[in-house]
Amino acid sequence: MEERIKTGIPGLDEITNGGFIKNQLILISGTSGAGKTIMSTQYIYAGLTQFKENGVYLSFEEQPESIKANVATFGWDLDTPQNDGRFNFIKYDPYHVEDVFDIISNSVRDIKAKRVVIDSISALGLYLRDPVELRRMIFNLSMILRKLDCTTIIVSEMLPGENKGISRYGVEEFVADSVVVLYYERFQSAFTRSIQIWKSRGSDHSLKLHPYKITSEGIKVYPDEEAFAGM
Ligand SMILES: Nc1ncnc2c1ncn2[C@@H]1O[C@H](COP(=O)(O)OP(=O)(O)OP(=O)(O)O)[C@@H](O)[C@H]1O
Ligand SMILES: [Mg+2]
């Protein structure tokens, strides 16, 4: 049996059959405003508070102060673990894409982090020449982070609507070991949120589209309910 990392996100570990698989690279893809940053931060926060696992969050676009202020509305304090040396929050403009590897490796080693988030891989792609290069870059990242004994989330943007694909450049989902898709789309006169485990290498998982909510305590997935497809 493969070793599992409990995400700590209510309901998510049920639809993945027990959590993320240790040392995998997991792609979280979703439309704008779907809750990708909240879900990724929740994974890090749960690691710090429930599982004694240190974390690294690498943000290419949104300022750490902005993310911290947003998740403070859920009661999550990231300053304390950061001051205690259990959490590294890094903001980096990837003008020098090659430096990303060193930045991640050093900050992981520095605090022996087990959970890593890269938000977003779509932003990193803007600095690369083509999707082939992005694919190679994600593959190398996955190898390095596996060696460092990390279980990593990479975030990808996705355009709304059918036939738009599930990632920004159309290669991200092939390199990732597992893929979680967050849909935030109009259904009749309102927006609805639904989540799907698109793939999970080496494991069975729910094939259904499940509803999720962003509540005052963060993201909550409903494993016993089926969502309406918004399309
Ligand atoms: N305290 C809260 N209670 C309920 N919903 C919230 C709360 N805070 C944020 N949200 C919802 O979460 C959304 C933002 O989530 P998040 O920043 O994780 O999205 P994202 O997928 O990362 O978007 P982007 O692609 O723009 O980075 C908001 O648009 C809002 O709908
Ligand atoms: Mg975001």
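Residues numbered from 1 in each chain as written. Chains lettered and ligands numbered in written order. Predicted model: local features only at pLDDT ≥ 70, side-chain atom pairs only at ≥ 80, totals over all residues.

K.L.:
Would you explain the overall build of the chain in this entry?
P.N.:
In terms of helices and strands, the chain carries eight helices and eleven strands. Relative to the 2.2 N^0.38 estimate, which gives 17 Å for 231 residues, the radius of gyration of the chain is 16 Å and therefore close to what a compact globule would have. Expressed along its principal axes, the backbone C-alpha trace of the chain runs to roughly 45 × 40 × 40 Å. Across the 231 residues in the chain, those meeting the buried criterion constitute 45%. (Helix = DSSP H or I, 4+ residues; strand = E, 2+ residues; numbered from the N terminus. Rg over C-alpha atoms; globule rule 2.2 N^0.38 Å. Buried ≥ 20, exposed ≤ 12 C-beta atoms within 10 Å, placed from the backbone.)

K.L.:
Would you mind going over the nonpolar core with me for this structure?
P.N.:
The nonpolar side chains of soluble globular proteins are, as a tendency, buried together. In terms of nonpolar packing, the biggest core is built from 59 residues, with I26, I28, V116, V117, I154, V180 and L182 touching the most fellow members. The residues touching V180, leaving out its near neighbours within four places in the chain, are I26, I28, I195, I197 and W198. (Core = buried A, V, L, I, M, F, W, Y, C linked by C-beta atoms within 7 Å. Contact = placed C-beta atoms within 7 Å.)

K.L.:
I'm lost on the site of ligand 1 in this one. Help?
P.N.:
Taken together, 13 residues sit near ligand 1, with G33, K36, T37, I38 and I214 positioned nearest. Residue classes in the shell around ligand 1 are distributed as three nonpolar, eight polar and two charged. (Near = placed C-beta within 6 Å. Nonpolar A, V, L, I, M, F, W, Y, C, P; charged D, E, K, R; others polar.)

K.L.:
Just checking my understanding: could you explain the pairing of strand β6 (residues 115–119) for this structure?
P.N.:
In summary, the side chains of a regular strand alternate between the two faces of the sheet. Along β6, five of the five residues are buried, which leaves the element largely enclosed by surrounding structure. Burial along β6 is two-sided: R115, V117 and D119 facing one way and V116 and I118 facing the other are all buried. Sheet analysis places β6 next to strand β7 (residues 151–157), joined by four bridges and oriented parallel. When the sheet's bridge partners are listed, R115 is paired in β7 with T151. (Pairing = 2+ DSSP bridges.)

K.L.:
Would you take a moment to explain helix α2 (residues 36–50) for this structure?
P.N.:
Along its 15 residues, α2 runs 21 Å from first to last C-alpha, staying within 8% of the 21 Å computed at 1.5 Å per residue. Backbone geometry just downstream of α2 places K52 in the positive-phi region, at approximately 50°. (Expected span 1.5 Å × (residues − 1).)

K.L.:
I tried to follow the sheet that holds strand β8 (residues 178–187) on my own but got confused; where do I start?
P.N.:
By definition, the strands of a sheet pair up through backbone hydrogen bonds, in either a parallel or an antiparallel sense. With mixed pairing, the nine strands of this open sheet are ordered in space as β5-β4-β6-β7-β3-β8-β9-β10-β11. Strand pairing shows two members of the sheet lacking a second neighbour, β5 (87–91) and β11 (218–221), which therefore form its edges. Strand-to-strand, the axes of this sheet are offset by a mean angle of 20°, without reference to chain direction. (Axes fitted to C-alpha atoms, helices over the stretch in contact; angles between N-to-C directions.)

K.L.:
In this structure, what is going on with unusual backbone geometry? I would like to understand it.
P.N.:
Excluding glycine, residues mostly carry a negative phi; peptide bonds, for their part, are mostly trans. Residues D119 and S120 are joined by a peptide bond in cis, for which omega reads 0°. Mapped onto the elements of the fold, S120 is located in the loop between β6 and α6 (121–125). The phi dihedral of K52 falls on the positive side, at around 50°, and the residue is not glycine. Structurally, K52 is set in the loop between α2 and β4 (55–59). We note that Q188 has phi near 55°; this positive angle belongs to a residue other than glycine.

K.L.:
What should I look at first to understand the environment of D130 in this one?
P.N.:
Summarising the element assignment, D130 is placed in the loop between α6 and α7 (131–147). The sequence separation of D130 and V180 amounts to 50 residues, and the corresponding C-alpha distance is 24 Å.

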